[in-house]
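Given next are the chains, with one letter for each unit.
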Amino acid sequence: MKKMIRLLIKVNKILIDISAKAIWQKKEISLVRKVLFFCYDSLSLTESFELSVRLTDDKEIMDLNKTYRNKNFPTNVLSFCSKKNNHDKLGFHVLGDLVISRETAIKELAGTEKTLEQHITHLTVHGFLHLLGYIHEDDNEAKTMEDLETRILKKLNIPDPYLGIN
């Protein structure tokens, strides 16, 4: 039987529902939660937001990637934005769902000096920005999103993940 960890937390004006497969450590789950709160605060957001987070493995994220993006391989993070103007019964704006694969995150660390915590933090920030509507379909959009990511990560004492990438 697979162990499921589920947290429902309301702090400030953000409601986060986190579920995780057993491969995720408690400190990693807590890190994702803390990073999302930090993003909310550092972006000076004033609207109340709700989002769901699924911390998973390569098999589950590959199934989602195939179903929703027609790509038959695992990925590190997926963001599923909710429909515009969708609010829950408490008046929270429903942002959508964020899914992160621990296995892919670990594989991506090969040959880098990044820690798993740094990479999970970056993936969480990246996915959250997608839920807020940031995209990287062209160079200008990518630059805007990457600049915002690096500013948030710098406040968390995480090195620029794009440094040296062309």
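Novice: How do you make sense of the pattern of salt bridges when you look at a structure like this?
Specialist: When their charged atoms lie close together, side chains carrying opposite charge are able to pair. Per the stated rule, a full pass over the model turns up eight salt bridges. One salt bridge connects K27 with E117, and the closest N-O pair in it is separated by 3.8 Å. With K27 in helix 1 (residues 26-42) and E117 in helix 4 (residues 116-131), the pair connects residues that are 90 residues apart, well separated along the chain. With relative accessibility at 35%, the residue E117 sits in the partly exposed group. Measuring nitrogen to oxygen at the nearest pair gives 3.2 Å for the salt bridge that ties K59 to D63. Taken together, the positions of K59 and D63, both in helix 2 (residues 58-69) and four residues apart, correspond to about one turn of that helix. Take D63: its relative accessible area is 37%, and that puts it in the partly exposed class. It is possible to trace a salt-bridge network through shared partners that takes in K21, R54, D57 and E60.

Rules and cut-offs
- Residues numbered from 1 in each chain as written.
- Predicted model: local features only at pLDDT ≥ 70, side-chain atom pairs only at ≥ 80, totals over all residues.
- Heavy atoms only, no water.
- Salt bridge = Lys/Arg side-chain N within 4 Å of Asp/Glu carboxyl O.
- Helix = DSSP H or I, 4+ residues; strand = E, 2+ residues; numbered from the N terminus.
- Buried < 20%, exposed > 50% of the residue type's maximum accessible area, 1.4 Å probe, protein only.

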